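# Inside the fold
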Amino acid sequence: MKLPFAESYKIKMVENLRRSTREEREQWIKEARYNLFNLRSDRVFIDLLTDSGTGAMSDQQWSAMMLGDESYAGASSYYKMKEAIRDILGFPYFLPTHQGRAAENVLFSVLVKDGDVVPGNSHFDTTKGHIEFRKACAVDCTIDEAFDTQVEHPFKGNLDLDKLEDVLKSHPASRIPFVVVTLTCNSSGGQPVSMRNLKDVHAMAQNYGVRVLFDSARFAENAYFIKKREEGYQDKEIREIVREMFEYADMMTMSSKKDAIVNIGGFIGLKEEKLFREASTYNIMFEGYITYGGMSGRDMNALAQGLYEGTHFDYLDARIRQVAYLGSRLEAFGIPVQKPFGGHAIFVDANKFLPELPREQFRAQTLAVELYLEAGVRAVEIGTLLADRDPQTRENRYPELELLRLTIPRRVYTNNHMELVATALKNVYDRRNDISSGLKIINEAPIMRHFTVELEKV
Ligand code: F0G
């Protein structure tokens, strides 16, 4: 008999979870103004809000932390991180930052100006926020297939080369600071970009004299999908694939809280010394001296080790299989989810789940609240709340996809937890016709409203 799959790690430390009753949860979610970000985590049973900084570090990472060098300048931990970045990703220059959006803030301070245009594949919200904050404009060039959750395409994160060329043609290169390629593409469902597409985008951008930036939070998961799905990569090591991917980037920003499996940290990777010098000034102003940039020595050590662990095939295989396990359980219950399954999360199609609910009542957020009430599971809305208002008209932007993201932390939950989540969502699905009203906003911030928005039941 063929042996079944099992994770190639075991659990050394556990954290207890508290169960709650439906009555308690009704009270708590009301107090939280129907915004799951406002919930205390001890009021959550299974937390699928994000895979960012929520992973379980290994014994190797914890022991690396004890060797952290906390010198202000020139710490050995900085050099460990530098070596790992050069070794795994191939960037000769780097700047540590406290997380991904800080890397964006520093780099975009050098590159993005009022009136610029930044094409990319469904820019992540902080990326878009940092672009729009500088009065520049993000143009989504993702392939159309990404916007239909039921279309099967192996690389739904790909950029549409015609859409990209339109942008590159219709603006002078001086107004396009870079093309952003998000790996994997979070906003379109944790979907990968193919090597072919990375190569073509880079060649096209080069042709127009424009740089390419990889927003690299989940680059290793992207490499796993290339190995699994792209012709010619089956027999390549993950690290070989990663090195090839980054040949097609001029620079990278990284939220290390994802594929480097640390609780905090980020960095910018660069190939040009001049840009490194320019960005260094902003790093010192916003983050800290260039050899720590908002990170402690112990965190840099854990990050360096995490980059090696995060690019192991066995680890990635266990990780992505678990996400797919949840996806296949939901599919078996007939629940509409983005296909193929993403790398870090399963995205439930709220437009198909609650089609009768008016869009202005926030379908995906309503679903998030229902799932919490059902079983204390916290997921996150990737829909109209997140899409925010148009900066000019101040009207709600209704994105093509209205999704509920069930985001799986790395090495944290078991498949029994996945089973519970799937069953809870099935119960909500079975009573979906009784969910006839949603939510309305009573308070919101002018930008990035989803984090702090306050809602009430319609
Ligand atoms: N880029 C992508 C693709 C991301 O998913 C994130 C964060 C960032 C940049 C920003 O990094 O959080 O370290 O400042 N995504 C988290 C999420 C928050 O839940 O998807 P950060």
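Summary of the structure given here. Values in this document were obtained by computation on a predicted structure and should not be read as measured data.

Cut-offs and rules
Residues numbered from 1 in each chain as written. Predicted model: local features only at pLDDT ≥ 70, side-chain atom pairs only at ≥ 80, totals over all residues. Heavy atoms only, no water. Salt bridge = Lys/Arg side-chain N within 4 Å of Asp/Glu carboxyl O. Helix = DSSP H or I, 4+ residues; strand = E, 2+ residues; numbered from the N terminus. Buried < 20%, exposed > 50% of the residue type's maximum accessible area, 1.4 Å probe, protein only. Arc of directions from axis to C-beta. Contact = heavy atoms within 4.5 Å. Near = heavy atom within 4 Å. Polar contact = N/O pair within 3.5 Å; in protein donor to acceptor, adjacent residues only side chain to side chain. Areas by Shrake-Rupley, 256 points an atom, 1.4 Å probe, with all protein chains shown as cover. Nonpolar A, V, L, I, M, F, W, Y, C, P; charged D, E, K, R; others polar. Axes fitted to C-alpha atoms, helices over the stretch in contact; angles between N-to-C directions. Parallel < 35°, antiparallel > 145°, perpendicular 65-115°, else oblique. Left-handed = near helix turned anticlockwise from the far one by under 90°. Pairing = 2+ DSSP bridges.

### With respect to the pattern of salt bridges
Following the criterion strictly, the structure yields 34 salt bridges and no others. For Arg 359, the salt bridge goes to Glu 402, with nearest N and O atoms at 2.9 Å. Taken as a pair, Arg 359 in the loop between α13 (350–353) and α14 (363–375) and Glu 402 in the loop between α15 (384–387) and β12 (403–407) lie far apart in primary sequence, 43 residues in all. The exposure class assigned to Arg 359 is partly exposed, which follows from its relative accessible area of 21%. Given the relative accessible area of 0%, Glu 402 is considered buried. The structure contains a network of salt bridges with shared partners spanning Asp 51, Arg 218, Glu 221, Asp 259, Arg 319 and Arg 410.

### Some points on helix α1 (residues 22–31)
Those residues of α1 lying buried are Arg 25, Trp 28 and Ile 29. Here the buried residues of α1 occupy an arc of 95° about the axis, which is enough to place them on one side. What points out from α1, more than 90 degrees from its buried face, is the exposed set Glu 23 and Lys 30. If you follow the buried residues of α1, they end up packed against α14. Following α1 by one or two positions, Arg 33 adopts a phi angle in the positive range, close to 55°.

### Comments concerning the site of the ligand
With respect to spatial proximity, 16 residues lie near the ligand, and among them Thr 50, Arg 101, Ser 255, Lys 258 and Arg 405 are the closest. Within the contact set of the ligand, an oxygen atom lies 2.6 Å away from a side-chain nitrogen or oxygen of Ser 255. A distance of 2.7 Å separates an oxygen atom of the ligand from a polar side-chain atom of Arg 405. Protein coverage of the free-state accessible area of the ligand, which is 470 Å², stands at 94%. The element that contributes the greatest number of residues to the shell around the ligand is helix α4 (residues 100–111), accounting for 3 residues. Among the residues forming the shell around the ligand, the class breakdown is 1 nonpolar, 8 polar and 7 charged.

### Some points on the packing of helix α2 (residues 59–66) against helix α11 (residues 297–310)
Interaxial distance between α2 and α11 falls to 7 Å at its minimum, and their mutual angle equals 150°. In terms of axis orientation, α2 runs roughly antiparallel to α11. Remark: the crossing between α2 and α11 carries right-handed chirality. Residues Gln 60, Gln 61, Ala 64 and Met 65 of α2 touch α11, and the partners they reach there are Arg 298, Asp 299, Asn 301, Ala 302, Gln 305, Gly 306 and Glu 309. Tallied by class, residues from the contact of α2 with α11 come to 3 nonpolar, 5 polar and 3 charged.

### As for the pairing of strand β9 (residues 345–349)
With 5 of 5 residues buried, β9 is to be regarded as a mostly interior element. Alternating positions in β9 separate into two faces, Ala 345, Phe 347 and Asp 349 on one and Ile 346 and Val 348 on the other, with burial throughout. Of the strand pairs in this sheet, β9 and β12 are connected by 5 bridges, and their pairing is antiparallel. Residue pairing across strands places Phe 347 opposite Arg 405, the latter belonging to β12.

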